[in-house]
Amino acid sequence: MKQMLKLGLTLAAFAVAMCFLLALVNNITAPAIAENNRKKTEAAMRAVFAEADSFEQVTDFLPPDSRSIVIDGMYLAKKGDDVIGIVTRAEGPTYDRSALLVGQDLHQIISGVEILSTGDSPGYGQKSIDPNYLVASGKTFPGQFAGKNVADGFVVNQTFDAISGSTITSTGIANILSVATYAAAQYLATHHGGAAVGDSAPELAAPGLSLEPDASVMPFELMDAVMDIAAAADIRAPAVIEIPEGRGDIIRSMIVDRQYAVQVNGTTLAVAVAVSGQTYHDGGTVLTVVDRTRTILGARIISLNDSLHYGQKTLQDAFYRQFDNLPLDEDILNGSSYDAVTGASITSDCIADMVKVGGMRAGELMAERGGQAVPQNADTYQLNEHYLEE
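Below: a short report on this structure. All of these numbers come straight from a predicted model, not from anything done at the bench. (Residues numbered from 1 in each chain as written. Predicted model: local features only at pLDDT ≥ 70, side-chain atom pairs only at ≥ 80, totals over all residues. Heavy atoms only, no water.)

## With respect to the sheet that holds strand β1 (residues 54-57)
Using the following cut-off: The criterion for strand pairing is that DSSP finds at least two bridges linking the strands in question. Secondary structure elements are defined from DSSP: runs of H or I of at least 4 residues count as helices, runs of E of at least 2 residues count as strands, and each element is numbered from the N terminus. Orientation is described by lines fitted to C-alpha atoms, with helices fitted over the stretch in contact, and by angles between N-to-C directions that extend from 0 to 180 degrees. The contact rule is simple, with two residues in contact once any of their heavy atoms fall within 4.5 Å.
Pairing in this open sheet of five strands is antiparallel, and the strands run β1-β2-β3-β4-β5 from one edge to the other. Every other strand in the sheet has two partners, leaving β1 and β5 (110-118) as the edge strands with one partner each. On average, adjacent strands in this sheet sit at an angle of 25 degrees to one another, irrespective of strand direction. As paired elements, strand β3 (residues 82-93) and strand β4 (residues 97-105) share nine bridges and run antiparallel to each other. Each bridged residue has a counterpart across the sheet, and for Gly85 the counterpart in β4 is Asp105. Helix-sheet contacts for helix α2 (residues 167-191) involve β2 (70-79), β3, β4 and β5, and the interaxial angle to β4 is about 40 degrees.

Take a look at the structure:
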């Protein structure tokens, strides 16, 4: 009993000492952390408003009339004592959520945009923060906004170039920009002689912003992936029609998510199937498109929850483009049909298996719509099944 009491007192004393040390360390490091955060924020503001030599926080701006988009910071951009513009930090829904900084001058001309963070899908939405990804204008996605007039609005593929394969992310960022720049322009017009803005708040683009789209509506990123593959195969202006029969089927431990007929003038030229399956970590979803000759036109990784430095490398087109134009009726195996990403063989093989399973289902649906018949014993195809080795 005495031994237990002594042990309890020792543990209690140790806990008190640790709490004291943690509090002491926090008191010592908190100012340094705060100063570091301040410097990061100021560096980001200078990135979007390079002409300013100082920034002054605004505390009396009106929050936007939007339940989904939040402005959590406004800073006057100053040159000497003169206000030359404003920087706004805003956050809102994209495919997940994104936060950004936008700078604009007194004439409502955008000086720069920086995307601070995004939780969007690694295969497509993350292109918004990829410095190596260029949109049609030849600029990075946020880089294209510099020099644009706020009054022109933010309309996908009209006033700015969308991210290929990521309509939801592009539309969501357009909405955040609309709300942030309108609120900032109002503040500048009211307090610092900025150009006048309209009385009505901007209308936000609604399509595709729900995180749980209706089952009858094709998710935007899947649609973009289908259209991207169709365009590469020279299928012009197709209609994409959902095939609901068989959704949710389990094939070789994978789930059929979505199925679509790609039609031109009522004739089905290809079928697209998205399946979800296991990878090295939490799994992913892969879309495969097959034509009338049982050729895989292409595959796209729609989502992937995998290790950052290894598994996520399969999202690079150098990997998934290996599946372009493969014959559907041959096994898709590591070392013969494709090369795995170094350090990510399990994820690579799992994605290849999803391409094969999705492709076989697409081939069956294509045969029902005028494509080549399914060969005998086609269901005996071999998979890598690498995930079983974990």
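## Re helix α5 (residues 345-367)
The test is simple: In a helix, the anticipated span is given by 1.5 Å times the number of residues less one. Only protein chains enter the accessibility calculation, which uses a 1.4 Å probe; a residue whose area is less than 20% of its type maximum is buried, one above 50% is exposed, and one in between is partly exposed.
If you check α5, its first and last C-alpha atoms are 33 Å apart, about what 23 residues at 1.5 Å a residue would give, namely 33 Å. Most of α5 is tucked away: 20 of the 23 residues are buried.

## Examining the nonpolar core
The condition that has to hold: Put simply, buried Ala, Val, Leu, Ile, Met, Phe, Trp, Tyr and Cys residues joined by side-chain atoms within 4.5 Å make one nonpolar core.
Of all hydrophobic cores here, the largest spans 36 residues; its most connected members are Phe323, Ile332, Ile351 and Val355. Of all the secondary-structure elements, those providing two or more residues to this core are β8 (254-264), β9 (267-277), β10 (283-291), β11 (295-305), α4 (317-320) and α5. It is α5 that provides the largest number of residues to this core, a total of nine residues. Judged by nonpolar contacts, the second largest core, of 32 residues, contains Leu76, Ala180, Tyr187 and Leu188.

## Describing α2
The end-to-end C-alpha distance of α2, which contains 25 residues, comes to 36 Å, matching closely the 36 Å that a straight helix rising 1.5 Å per residue would cover. Counting buried residues along α2, 21 of its 25 residues qualify, which places the element largely inside the surrounding structure. A positive backbone phi angle near 70 degrees is found at Gly193, which sits one or two residues after α2.

## A closer look at the pattern of salt bridges
Where we set the bar: A side-chain nitrogen of Lys or Arg and a carboxyl oxygen of Asp or Glu constitute a salt bridge if their distance falls within 4 Å.
Throughout the structure, instances matching the rule amount to 13 salt bridges. A salt bridge links Glu42 to Arg46; its shortest N-O distance comes to 2.9 Å. A residue pair is termed a helical-turn pair when its members lie 3 or 4 positions apart in one helix, as Glu42 and Arg46 do in helix α1 (residues 2-48) at four residues. On the basis of relative accessible area, Arg46 is assigned to the partly exposed category, the value being 32%. Salt-bridge contacts for Lys78 lead to Glu56; the nearest nitrogen and oxygen are separated by 3.0 Å. Residue Lys78 is found in strand β2, and its partner Glu56 is found in strand β1; the two are separated by 22 residues along the sequence. Relative accessible area serves as the criterion here: at 38%, Glu56 is assigned to the partly exposed category.

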